[in-house]
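Below are the chains, spelled out letter by letter.
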Amino acid sequence: MSAHILFVEDDVNLGFVIRDTLENVPFQVTHCTNGPDAWATFQAKSFDLCLLDVMLPQSDGFTLARQIRSVNTQVPILFLSALANRDDRLQGLRLGADDYLTKPFSIEELILKINVFLRRTTPATNRQQISHTVLNRQNLTLTVNGETQTLTHREADVIAYFLDRPNTLVRREELLRAVWGDDDYFMGRSLDVFISRLRKRIAQDPTIRIENVHGVGFVLRQ
């Protein structure tokens, strides 16, 4: 069965084009045009991925993402937005989004990103452990000193990269290309958001930490 996507976009023409293109991939697409309808739809159905515009009637995409993350931390969320400034992009990531595309964007790039996130639901290596911290990539969970947290796909990708390389310098550009596929300025700022989130997640394990190597990268110390 094809993946089910929640697509939230209030622009009628753009919404039709994107929905029609995605259905021809083929994906199953449920299209909503405002925040409250999208939230009600998300609660009523099961989705494999969410595509959210930011500027929506009645309640915006950031509010919708916050609502989705309050009940589901695993479903990938991608923002599609005309808001291109750095603060808007970083706010989206801090709310738990996995990616943020600015309009106009390439539909081929959108489909590529969707497929990447869908493939990551079944990673080759399911379990990684260092000290008292265990990552289960199949279930997108991180267990730290016996307490289990649920990760987003991209959080799991980043921490998995570190767990494969304990006590090893991971250069910023290396990590960006491995996880994001690019290393431009915005992706670098996105990485900083994810590192901050992961430091909080592993804080209960005093035997490991993610250290900055100024101007170069990071090291997961054990």
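Calculation rules
- Residues numbered from 1 in each chain as written.
- Predicted model: local features only at pLDDT ≥ 70, side-chain atom pairs only at ≥ 80, totals over all residues.
- Heavy atoms only, no water.
- Axes fitted to C-alpha atoms, helices over the stretch in contact; angles between N-to-C directions.
- Helix = DSSP H or I, 4+ residues; strand = E, 2+ residues; numbered from the N terminus.
- Parallel < 35°, antiparallel > 145°, perpendicular 65-115°, else oblique.
- Left-handed = near helix turned anticlockwise from the far one by under 90°.
- Contact = heavy atoms within 4.5 Å.
- Nonpolar A, V, L, I, M, F, W, Y, C, P; charged D, E, K, R; others polar.
- Buried < 20%, exposed > 50% of the residue type's maximum accessible area, 1.4 Å probe, protein only.
- Pairing = 2+ DSSP bridges.
- Domains from an automatic or database assignment.
- Buried area = accessible area lost by both parts, 1.4 Å probe.
- Salt bridge = Lys/Arg side-chain N within 4 Å of Asp/Glu carboxyl O.
- Polar contact = N/O pair within 3.5 Å; in protein donor to acceptor, adjacent residues only side chain to side chain.

Draft legend 1. Fine view of the packing of helix H1 (residues 12-23) against helix H5 (residues 107-119). One can describe the packing of H1 onto H5 by two numbers: an axis separation of 11 Å at closest approach and a directional angle of 50°. Taken as axis vectors, H1 and H5 run oblique relative to one another. Remark: the crossing between H1 and H5 carries right-handed chirality. When H1 is examined against H5, the residues Ile-18, Thr-21 and Leu-22 are found in contact with a partner set consisting of Ile-107, Leu-110, Ile-111 and Ile-114. Class assignment for the residues of the contact of H1 with H5 results in six nonpolar, one polar and no charged.

Draft legend 2. Representation of the environment of Ile-208 within the structure. Residue placement: Ile-208 occurs in the loop between helix H8 (185-201) and strand S11 (209-213). Residue classification places Ile-208 among the buried positions, given a relative accessible area of 6%. For the pair Ile-208 and Leu-83, spaced 125 residues apart in sequence, the C-alpha to C-alpha distance is 37 Å.

Draft legend 3. Summary view of the sheet that holds strand S6 (residues 127-130). With respect to topology, four strands assemble into an open sheet ordered S6-S7-S8-S9, the strand pairing being antiparallel. Only two strands of the sheet have a single partner each, and these edge strands are S6 and strand S9 (147-150). When the angles between neighbouring strand axes are averaged without regard to direction, this sheet yields 15°. In terms of strand pairing, S6 meets strand S7 (residues 133-136) through four bridges, oriented antiparallel. Bridged to Gln-128 within S7 is Leu-135. Sheet strands touched by helix H6 (residues 153-163): S6 and S7. Its angle to S7, the strand with the most contacts, is close to 125°.

Draft legend 4. Looking closely at the domain arrangement of the protein chain. Per the domain assignment, the segments making up the protein chain are domain 1 (3-118) and domain 2 (127-221). Averaged C-alpha coordinates put domain 1 and domain 2 at centres separated by 25 Å. Per-residue buried area on domain 1 facing domain 2 is highest for Gln-74, Leu-93 and Asp-98; these three make up 34% of the total on that side. Joining domain 1 to domain 2, the criterion identifies one salt bridge. One salt bridge connects Asp-99 with Arg-154, and the closest N-O pair in it is separated by 3.2 Å. Scanning the region where domain 1 abuts domain 2 turns up seven residue pairs in polar contact (both at pLDDT 80 or more). Those elements giving two or more residues to the side of domain 1 that touches domain 2 turn out to be helix H4 (86-94) and strand S5 (99-102).

Draft legend 5. Examining the packing of H6 against helix H7 (residues 172-179) more closely. The contact between H6 and H7 brings their axes to 10 Å, and the two run at 135°. By the angle between their directions, the pair H6 and H7 is classed as oblique. The crossing of H6 and H7 is right-handed. Here Arg-154, Asp-157, Val-158, Tyr-161 and Phe-162 of H6 come into contact with H7, specifically with Glu-174, Leu-175, Ala-178 and Val-179. Looking at the contact of H6 with H7 residue by residue, the classes come out as six nonpolar, no polar and three charged.

Draft legend 6. Geometry of the sheet that holds S11. One open sheet holds the three strands; their spatial order is S10-S12-S11, and the pairing between them is antiparallel. A strand with exactly one partner marks an edge of an open sheet, and here the two such strands are strand S10 (169-171) and S11. Here the strands of the sheet are splayed against their neighbours by 30° on average, with no regard to which way each runs. Alignment of S11 against strand S12 (residues 217-221), held across five bridges, turns out to be antiparallel. Paired with Arg-209 across the bridge in S12 is Arg-221. Packed onto the sheet, H7 meets S10 and S12 and runs at close to 65° relative to S10.

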